[in-house]
Amino acid sequence: MGRNDALETGELTDTSFYILLSLVEARHGYLIMQNIEKLTDGAFTIGPASMYTTIKKLVEAGCIELYGSGTGKKKTYIATEQGLKLLKKDIKRRQQMIEHARQVLNTKGDQTG
């Protein structure tokens, strides 16, 4: 499965996940990057090219939309209802992945989490 298919199947890349999470509140590009860096204590950062490519894909998928007039250099985006549903679905998927990993590691005697 290619990266372009991820949104169609409801699986977000880490970049898409953090952008969508940041857009629970309306933000423009620079604020999105700052929010992600703050949220992850600098462990995850997104460059402008990657961010704007992902934003374009999220807009095309109906997960985010322009907020306000959208004119000028700073375009502000916000998550749509569809985007929020996808985010919640992906959070559940990630939680299940973590639970599977814990089960496997616990059977090997490694106490994780």
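Thresholds, definitions, all that
- Residues numbered from 1 in each chain as written.
- Predicted model: local features only at pLDDT ≥ 70, side-chain atom pairs only at ≥ 80, totals over all residues.
- Heavy atoms only, no water.
- Salt bridge = Lys/Arg side-chain N within 4 Å of Asp/Glu carboxyl O.
- Helix = DSSP H or I, 4+ residues; strand = E, 2+ residues; numbered from the N terminus.
- Contact = heavy atoms within 4.5 Å.
- Buried < 20%, exposed > 50% of the residue type's maximum accessible area, 1.4 Å probe, protein only.
- Phe/Tyr/Trp six-rings, centres within 6.5 Å; stacked < 30°, edge-to-face > 60°.
- Lys NZ or Arg CZ within 6 Å of the ring centre and 35° of its normal.

A.B. asks: Looking at this structure, how should I read the pattern of salt bridges?
C.D. replies: Side chains that carry opposite charge are capable of pairing whenever their charged atoms lie near each other. Tallied over the full model, the rule gives four salt bridges. A salt bridge links Asp-14 to Arg-94; its shortest N-O distance comes to 3.0 Å. With Asp-14 in helix α2 (residues 14-22) and Arg-94 in helix α5 (residues 81-107), this residue pair connects regions lying 80 residues apart in the sequence. One salt bridge in this structure joins Asp-90 and Arg-93, with 2.9 Å as the shortest N-O distance. In this pair, Asp-90 and Arg-93 are both assigned in helix α5, three residues apart and thus about one turn of the helix distant. Salt bridges here are not isolated pairs; linked through shared partners, they connect Asp-14, Asp-90, Arg-93 and Arg-94.

A.B. asks: Please clarify how the environment of Gly-10 should be interpreted in this entry.
C.D. replies: Relative to the helices and strands, Gly-10 resides in the loop between α1 (6-9) and α2. Linking Gly-10 and Leu-86, residues 76 residues apart in sequence, is a C-alpha distance of 6.2 Å. With residues near it in sequence (within four places) discarded, Gly-10 still touches Leu-86, Lys-89 and Asp-90.

A.B. asks: Would you explain the side chain of His-28 in this entry?
C.D. replies: Inspection of the secondary structure assignment puts His-28 in strand β1 (residues 27-28). If we ignore the near neighbours within four places in the chain, the residues touching His-28 are Lys-74, Lys-75 and Thr-76.

A.B. asks: For this particular structure, what's the right way to read α2?
C.D. replies: For the α-helix, the turn length of 3.6 residues means that residues three or four positions removed from each other point alike. Listing the buried residues of α2 in full gives Thr-15, Ser-16, Phe-17, Ile-19, Leu-20 and Ser-22. Tucked into the core, α2 has its buried residues touching β1, α3 (29-39), α4 (48-60), β2 (64-66), β3 (76-79) and α5.

A.B. asks: How should I be thinking about the packing of aromatic side chains in this particular structure?
C.D. replies: How two aromatic rings sit relative to each other is set out by the distance from centre to centre and by the angle between their planes. Taken as a whole and assessed by the stated rule, the structure comprises two aromatic pairs. Their ring planes at 35 degrees and their centres at 4.9 Å tell us that Tyr-18 and Phe-44 sit as a pair that is tilted. On the criterion of sequence distance, the pair formed by Tyr-18 in helix α2 and Phe-44 in the loop between α3 and α4 is long-range, its members being 26 residues apart. One aromatic cluster is present, built from ring pairs that chain together Phe-17, Tyr-18 and Phe-44. The ring of Phe-17 carries the charged tip of Arg-94 above its face, separated from the ring centre by 4.4 Å.

A.B. asks: How should the environment of Ile-32 be read in this particular structure?
C.D. replies: Position of Ile-32 among the secondary structure elements: in helix α3. Beyond its immediate stretch of four places on either side in the chain, Ile-32 contacts Ile-19, Ser-22, Leu-23, Arg-27, Met-51 and Ile-55.

Remember, this is a structural readout, not a statement about activity or role.
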